[in-house]
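# Tertiary structure, described
This is what each chain is made of:
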Amino acid sequence: CRYQRLCPSMIERGLWGKGDDKRLLRALVAGGWEGEWQVPWAELVPTRTADACRRRWHMMKCTIKKW
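Each residue is numbered by its place in its chain's sequence as written, counting from 1. Since the coordinates come from a predicted model, pLDDT governs what is reported: local features require at least 70, and pairs of side-chain atoms require 80 or more to be given and counted, while whole-chain, interface and lining totals use all residues. With hydrogens and water excluded, all non-hydrogen atoms of the structure serve as input to the side-chain values.

As a further point, take the pattern of salt bridges. One side-chain nitrogen of Lys or Arg within 4 Å of one carboxyl oxygen of Asp or Glu is enough to make a salt bridge. Counted by the stated rule, this structure contains six salt bridges. In this structure, Asp-20 and Arg-48 form a salt bridge, with 2.4 Å as the shortest nitrogen-oxygen distance. In this pair, Asp-20 is assigned in helix α3 (residues 18–31) and Arg-48 in the loop between α3 and α4 (50–63), connecting sequence segments 28 residues apart. Across the pair Glu-36 and Lys-61 runs a salt bridge whose closest N-O atoms are separated by 2.6 Å. With a gap of 25 residues between them, Glu-36 in the loop between α3 and α4 and Lys-61 in helix α4 connect regions that are remote in the sequence. Taking the relative accessible area as the measure of exposure, Glu-36 reaches 29% and is therefore partly exposed. Linked through salt bridges whose partners overlap, the residues forming this network are Asp-20, Arg-23 and Arg-48. Put simply, DSSP marks the helices as runs of H or I at least four residues long and the strands as runs of E at least two long, and each gets a number from the N terminus on. Buried means the residue's accessible area, taken with a 1.4 Å probe over protein chains only, is under 20% of the maximum for its type, while exposed means over 50%, and partly exposed covers the values in between.

At a minimum axis distance of 11 Å, the contact between α3 and α4 shows a crossing angle of 90°. With respect to α4, the element α3 is oriented roughly perpendicular. Together, Asp-21, Leu-24, Leu-25 and Leu-28 of α3 and Cys-53, Arg-56, Trp-57 and Met-60 of α4 make up the contact between the two elements. Each residue belonging to the contact of α3 with α4 can be placed in one class, and the counts come to six nonpolar, no polar and two charged. The axes are straight lines fitted to the C-alpha atoms, using for helices just the contacting stretch, and the angles between their N-to-C directions are given from 0 to 180°. Any angle from 65 to 115 degrees is called roughly perpendicular, while one under 35 is roughly parallel, one over 145 is roughly antiparallel, and all others are oblique. Here, two residues are considered to be in contact whenever any of their heavy atoms come within 4.5 Å of each other. Amino acid classes used here: Ala, Val, Leu, Ile, Met, Phe, Trp, Tyr, Cys and Pro are nonpolar; Asp, Glu, Lys and Arg are charged; the rest, including Gly, are polar.

A word on the confidence of the model for the protein chain. What pLDDT reports is the predictor's confidence in each residue, on a scale of 0 through 100. With 73% of its residues at a pLDDT of 70 or more, the protein chain has an overall mean of 79. Mean pLDDT across the elements of the protein chain bottoms out in helix α2 (residues 8–12) (50) and peaks in α3 (89).

This paragraph deals with the nonpolar core. Among the buried residues, those of types Ala, Val, Leu, Ile, Met, Phe, Trp, Tyr and Cys that are joined through side-chain atoms within 4.5 Å form a nonpolar core. Grouped together as the largest cluster of nonpolar side chains are twelve residues: Trp-16, Leu-24, Ala-27, Leu-28, Val-39, Trp-41, Leu-44, Val-45, Ala-52, Cys-53, Trp-57 and Met-60. Residue assignment for this core shows that the elements contributing at least two residues are α3 and α4. Per element, the largest residue contribution to this core is four residues, and it comes from α4.

It is worth spelling out α4 at this point. Each α-helix winds once per 3.6 residues, and so residues spaced three or four apart point in a common direction. Working rule for helices: expected span equals 1.5 Å times residues minus one. With 14 residues, α4 extends 20 Å between its outermost C-alpha atoms, agreeing within 8% with the 20 Å of an ideal straight helix rising 1.5 Å per residue. Residues of α4 that are buried include every one of Ala-52, Cys-53, Arg-56, Trp-57, Met-60 and Lys-61, and no others. Along the long axis of α4, the arc covered by the buried residues comes to 170°, so they all point the same way. As used here, the arc belongs to the directions running from the helix axis to the C-beta atoms.

So this is what it looks like as structure tokens:
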């Protein structure tokens, strides 16, 4: 499962759930921003900080092929 490879320790401790990943990805796709510098990270996932969203996105890009 690709999800387990993203960061198993975060999943086990409940720091980031599958629902949060889906919310993050949906918000990024719906936003239509030209680049990461335009993304309002703090607004993407209500329960996460801007820093947490940005870090998670960078983790996902490194793990998922053809992001």
